[in-house]
Amino acid sequence: MNQFTYIDNRLYAEALSVMDITKEIATPFYLYSHTEITNNYHRFSQALNRLNTKVNCQICYAIKANSNQAILKTLALLGSGADVVSEGELQRALKAGIPASKIVFSGVGKTAQEISFALKSGILQFNVESEPELKRISKLSVALNLTANIAIRINPDIEADTHEKISTGKAENKFGIEHTRTKAIYAYAANLPGINVQGIDVHIGSQITSLAPFEETFKKIAELVTELLDEGHDIKVIDVGGGIGITYNPETDKQCDLQQYAELIHQYLSGLGCSIIVEPGRALLASAGLLVTQVNYVKTTPEKQFLILDAAMNDFARPSLYDAYHQILPVKQQSTLSSVYDIVGPVCETGDTFAKARELANIEQGDFLVIKDTGAYGSVMSSTYNTRPFIGEIMVKGDKFSTIRQPQALAELINKDLLPDWL
Ligand SMILES: *Cc1c(COP(=O)(O)O)cnc(C)c1O
């Protein structure tokens, strides 16, 4: 059960009334449910492990979805590893107590500094995306007298059936190495000093709700692993990436069944003698977060009614970036739907729109709303556009809540600017 429910027409986060929280915390702010994150993690790991195979499955949470220390620590305590895409994320993961032995490093643009830092940290695996990267890792690990455990990220040329900006597994995307060159790249990697080739990696995109692209991918990976084993490569790890979608719009979105997803992994991949890594981000975090906001104005024009919120695209970018649909709900529920609104932020761009033609009960200036399913790719994508400082974040557990990120002070934002001494 989702941890955000109405009781007597008041929205609750676990055992706390969101209205009561707004009396103590100024909007806008992100609110996360600790229990929801825990439940999502358990559902995922139970789906992977319910099939009672002896295959070792490790969840490496994709930190880019939400990298707050309190969230990482929550997942670390549940046994999660991490998928990181920068030194910053690696430092965050280590600081939150995720052991280096459970951390994989993905991304097409790893710098020499980042690679050296990861080598010294002793991470589980680099997911390598190109030959020049492979060469650089080899050179750096030799220089440090260390060995880099690597997997090659294969681009399987599969249509993920998702938004084009978050599709990563097509031949035209910048990610991975063409599947047709698998043998060649593994032969090349095997001969490089300082490199231990231990795995294969794939990630075809994000917010994928149909199982077909996953099935196609796993099938392809199984074929490739079989070939590589035949060639004498000691492939021990299969990293299937993340991408499992969630239901943002209950009326139109397909539901991605976790159990069936896990069964596909086992059907195609568990017979190969490898351990399996899964890198979910959105599936663990999205449903655990709300963006709590207040209606600053109700503006009526000849064409439309606008709700102008105190939150904006800089706080939450998904609707303007991907035309993403998010449910928007009142903190105090009224029974009848009676008005149609465009729900927008105050930023000076038409793209600063959270929802168009959304039907809600009559809303008044000062009412509180929540934008649902904002736990993943919410706060991490925020900016300070329009000189709007980063907003705060709180975490609820049962009947208590804590601030897990202070809102940025305006002075802190402005005082980073420096004047040249000749001005
Ligand atoms: C973004 C990303 C993920 C997580 O994707 P979700 O859709 O949030 O599950 C996993 N692996 C890699 C390499 C990624 O880039």
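Refer to the structure above for everything that follows.
A short tour of the structure in this document, coming up. (Residues numbered from 1 in each chain as written. Predicted model: local features only at pLDDT ≥ 70, side-chain atom pairs only at ≥ 80, totals over all residues. Heavy atoms only, no water.)

### Things to note about the nonpolar core
Grouped together as the largest cluster of nonpolar side chains are 101 residues, with contacts concentrated most on Phe44, Phe126, Ile150, Ile238, Tyr261 and Leu269. Counting contributing residues, this core receives three or more from each of domain 1 (4-32 + 286-414) and domain 2 (67-280). Setting aside its immediate chain neighbours within four residues, Tyr261 contacts Phe44, Leu211, Phe214, Phe218, Val240, Gly241, Ile244 and Val278. Counting residues in hydrophobic clusters, the runner-up holds 18 residues, among them Ala13, Phe29, Leu290 and Val292. (Core = buried A, V, L, I, M, F, W, Y, C linked by side-chain atoms within 4.5 Å. Buried < 20%, exposed > 50% of the residue type's maximum accessible area, 1.4 Å probe, protein only. Domains from an automatic or database assignment. Contact = heavy atoms within 4.5 Å.)

### A look at a nonpolar patch on the surface
A surface patch of nonpolar side chains, amounting to about 480 Å² of accessible area, comprises Leu419, Trp422 and Leu423. Checked against the element boundaries, Leu419 lands in the segment after helix H12 (410-414). Given a relative accessible area of 70%, Leu419 falls into the exposed group. (Patch = residues over 30% accessible without salt bridge, like charges linked within 9 Å, V, L, I, M, F, W, Y side chains within 5 Å. Areas by Shrake-Rupley, 256 points an atom, 1.4 Å probe, with all protein chains shown as cover. Salt bridge = Lys/Arg side-chain N within 4 Å of Asp/Glu carboxyl O. Helix = DSSP H or I, 4+ residues; strand = E, 2+ residues; numbered from the N terminus.)

### Re the site of the ligand
Around the ligand, a shell composed of 15 residues is seen, among which Lys64, Ser206, Glu279, Arg282 and Tyr377 lie nearest. Side-chain polar atom of Asp83 to a nitrogen atom of the ligand: 3.2 Å apart, as the coordinates give it. Tyr377 is positioned with one of its side-chain polar atoms (N or O) 2.6 Å from an oxygen atom of the ligand. Relative to its unbound accessible area of 390 Å², the ligand is 94% covered by the protein chains. (Near = heavy atom within 4 Å. Polar contact = N/O pair within 3.5 Å; in protein donor to acceptor, adjacent residues only side chain to side chain.)

### Notes on the sheet that holds strand S3 (residues 16-17)
Read across the open sheet, the three strands follow the order S1-S2-S3; overall the sheet is antiparallel. The open sheet has two edge strands with one neighbour each: strand S1 (4-7) and S3. (Pairing = 2+ DSSP bridges.)

### Concerning helix H6 (residues 131-143)
Spanning 13 residues, H6 covers 18 Å between terminal C-alpha atoms, matching the ideal 18 Å at 1.5 Å per step. Where H6 is concerned, the buried positions are Glu133, Leu134, Ile137, Ser138, Leu140 and Ser141. Next to the buried residues of H6 lie helix H5 (112-121), strand S8 (125-128), strand S9 (148-155), helix H7 (182-190) and strand S11 (195-201). Where H6 begins, one side-chain oxygen reaches toward the backbone nitrogen of Glu133, 3.2 Å away; that side chain belongs to Ser130. The positive-phi residue at the C-terminal boundary of H6 is Asn145, with phi of around 60 degrees. (Expected span 1.5 Å × (residues − 1).)

### Notes on the packing of aromatic side chains
According to the stated counting rule, one finds six aromatic pairs in the structure shown. Plain terms: the ring middles of Phe214 and Tyr261 are 5.0 Å apart, the flat faces sit at 75 degrees to each other, and that makes the pair edge-to-face. In this pair, Phe214 is assigned in helix H8 (residues 211-230) and Tyr261 in helix H9 (residues 258-269), connecting sequence segments 47 residues apart. Look at Phe214 and you get buried, because its relative accessible area is 2%. Here the aromatic cluster, defined as three or more aromatic residues joined through ring pairs, consists of Phe44, Phe214, Phe218 and Tyr261. Looking at Lys110, its charged tip hangs above the ring of Phe105, at a distance of 5.6 Å from the centre. (Phe/Tyr/Trp six-rings, centres within 6.5 Å; stacked < 30°, edge-to-face > 60°. Lys NZ or Arg CZ within 6 Å of the ring centre and 35° of its normal.)

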